[in-house]
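The residues making up each chain are set out below.
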Amino acid sequence: MIENPVPWPHGARCAVAFTFDIDTDSSLHMEQGTKARELVATTSWLRYDEIAVPRILRLYAERGLKQTFFYPAWCMETYPHLVEAILKGGHEIAHHGYIHENYNALPVDRQEELFARAVETIHRMTGQKPRGFRAPLYNFSSATADLLVKYGFAYDASLMTDDVPHMVDAAGGGSFVEIPSSWALDDWPQYVHAPDFGYQMTVRSPDEAKSVFMAEFDAAWRYGGVWVGVWHPWVSARPSRLDAIARMIDEMQGKGGVWFASMEEIAAHLNKVTAEGLHTPRRIGLPYYSREVTF
């Protein structure tokens with residue numbers, strides 16, 4: 001089914017990463033502007049991250065996992081105690097915009113201004129430049145690949161281009177690893193009912209969501225793929241939902257042949273097996289279109 005599977009460490013059948021995007025109330029300010037301060041009830045459920053993140057970290061510690069948290073830099077500055085807890089647990093913090101901005105709605109110079117501000121913030125608060133990036137709301141623009149190369153990123157996790165990691169070549173030269181996921185592994189379609197954001201989906205039970213996530217895992221395990229959960233603390237760390245995640249981890253660990261890794265570890269592994277001649281990754285060039293499509 002997967003024609004070019006990556007040879008995973010220790011003969012594992014697939015690679016798995018449980019990632020969280022810690023947006024907190026950043027996107028509320030982007031969506032609502034000055035009105036955000038009046039939306040106290042909406043802010044309250046976004047602030048659930050203050051309960052949720054420690055809960056996630058306890059689960060990871062109990063299961064012996066080191067994972068990746070994608071973090072808008074404004075949220076890091078606003079809630080530094082959560083950053084400290086994540087770093088204390090030995091987890092990776094990756095770039096997720098400055099304040100969850102939409103790169104596709106900004107001029108290129110403004111994109112870079114906010115992108116660079118986030119890089120500086122992450123470096124200052126973690127002691128290390130970010131290695132990875134996920135565009136807020138997957139809004140990877142025609143300029144993003146060049147920004148990732150310019151600022152020395154090892155990988156991106158915004159695209160839905162494949163079932164295994166591969167390489168992206170930027171138009172201006174240089175490349176990076178792409179670690180793809182899909183909406184099927186995002187918690188937003190399963191759980192989010194948020195009228196202030198214009199989302200009013202039917203809220204699924206944790207077992208319904210888990211069945212979707214595990215169907216993707218079973219296929220990744222069978223065919224040698226990568227499985228990347230894309231979740232949000234205020235959405236998926238409520239007790240019933242995090243309990244479903246705990247059961248997923250237990251089932252995956254019990255199945256065997258699963259490499260649990262952070263995103264930076266997955267990117268480093270792809271580079272390693274490529275350099276050793278054990279794998280030839282697919283390559284794509286970005287942006288997809290060099291000029292406007294007219295018809």
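Residues numbered from 1 in each chain as written. Predicted model: local features only at pLDDT ≥ 70, side-chain atom pairs only at ≥ 80, totals over all residues. Heavy atoms only, no water.

## Looking at the overall build of the protein
Piece 1. On a plain count of helices and strands, the protein comes out with twelve helices and twelve strands.
Piece 2. Against the globule reference of 19 Å for 295 residues, the protein gives a C-alpha radius of gyration of 19 Å, in line with a compact fold.
Piece 3. Along the first, second and third principal axes, the C-alpha atoms of the protein reach 55 × 45 × 45 Å.
Piece 4. Going through the 295 residues of the protein one by one, you find that 53% of them count as buried.
Piece 5. When contacts within the protein are restricted to residue pairs at least 6 apart in sequence, those whose partners lie at least 24 apart make up 73%.
Piece 6. Working note: accessible area of the protein is about 13,100 Å², and carbon and sulfur atoms make up 51% of it.
Piece 7. A distance of 3 Å separates the average location of the 27 positive side-chain charges in the protein from that of its 37 negative side-chain charges. (Helix = DSSP H or I, 4+ residues; strand = E, 2+ residues; numbered from the N terminus. Rg over C-alpha atoms; globule rule 2.2 N^0.38 Å. Buried < 20%, exposed > 50% of the residue type's maximum accessible area, 1.4 Å probe, protein only. Contact = heavy atoms within 4.5 Å. Areas by Shrake-Rupley, 256 points an atom, 1.4 Å probe, with all protein chains shown as cover. Lys, Arg positive; Asp, Glu negative; His and termini not counted. Charge placed at Lys NZ, Arg CZ, Asp CG, Glu CD.)

## Section: the pattern of salt bridges
Piece 1. In this structure the tally under the stated criterion is 16 salt bridges.
Piece 2. Close ionic contact of Arg282 with Asp162 constitutes a salt bridge, the shortest N to O distance being 3.3 Å. Residue Arg282 is located in the loop between helix 12 (263–275) and strand 12 (283–286), and its partner Asp162 is located in the loop between strand 5 (155–156) and strand 6 (166–170); the two are separated by 120 residues in the primary sequence.
Piece 3. Asp162 gets classed as partly exposed once you look at its relative accessible area, which sits at 23%.
Piece 4. The network of salt bridges with common partners includes Glu62, Arg63 and Asp250. (Salt bridge = Lys/Arg side-chain N within 4 Å of Asp/Glu carboxyl O.)

## Focus on the packing of helix 3 (residues 49–63) against helix 11 (residues 239–255)
Piece 1. Between helix 3 and helix 11, whose axes approach to 11 Å, the crossing angle comes to 20 degrees. For the element pair helix 3 / helix 11, the angle class is roughly parallel. Helix 11 is crossed by helix 3, and the crossing has right-handed handedness. On helix 11, the residues touching Arg55, Ile56, Leu59, Tyr60 and Arg63 of helix 3 are Pro239, Leu242, Ile245, Ala246, Ile249, Asp250 and Gln253.
Piece 2. For the contact of helix 3 with helix 11, the residue count by class is eight nonpolar, one polar and three charged. (Axes fitted to C-alpha atoms, helices over the stretch in contact; angles between N-to-C directions. Parallel < 35°, antiparallel > 145°, perpendicular 65-115°, else oblique. Left-handed = near helix turned anticlockwise from the far one by under 90°. Nonpolar A, V, L, I, M, F, W, Y, C, P; charged D, E, K, R; others polar.)

## Quick notes on the packing of aromatic side chains
Piece 1. Within this structure, the stated rule accounts for 15 aromatic pairs.
Piece 2. Taking 5.4 Å as the distance between ring centres and 55 degrees as the angle between the ring planes, the aromatic pair formed by Phe115 and Phe153 counts as tilted. Here the residue Phe115 occupies a position in helix 6 (residues 108–126), and Phe153 occupies one in the loop between helix 7 (144–150) and strand 5, the gap between them amounting to 38 residues.
Piece 3. Taking relative accessible area as the criterion, Phe115 reaches 0% and is therefore assigned buried.
Piece 4. Through pairs of rings, three or more aromatic residues link up here, namely Phe18, Phe20, Tyr60, Phe69, Phe213, Trp227, Trp231 and Phe260.
Piece 5. Note that Arg117 overlies the ring of Tyr98, its terminal NZ or CZ placed 4.7 Å from the centroid.
Piece 6. It is Lys255 that lies over the ring of Trp221; its NZ or CZ is 4.3 Å from the centre. (Phe/Tyr/Trp six-rings, centres within 6.5 Å; stacked < 30°, edge-to-face > 60°. Lys NZ or Arg CZ within 6 Å of the ring centre and 35° of its normal.)

Worth remembering: the numbers are spatial, not functional.
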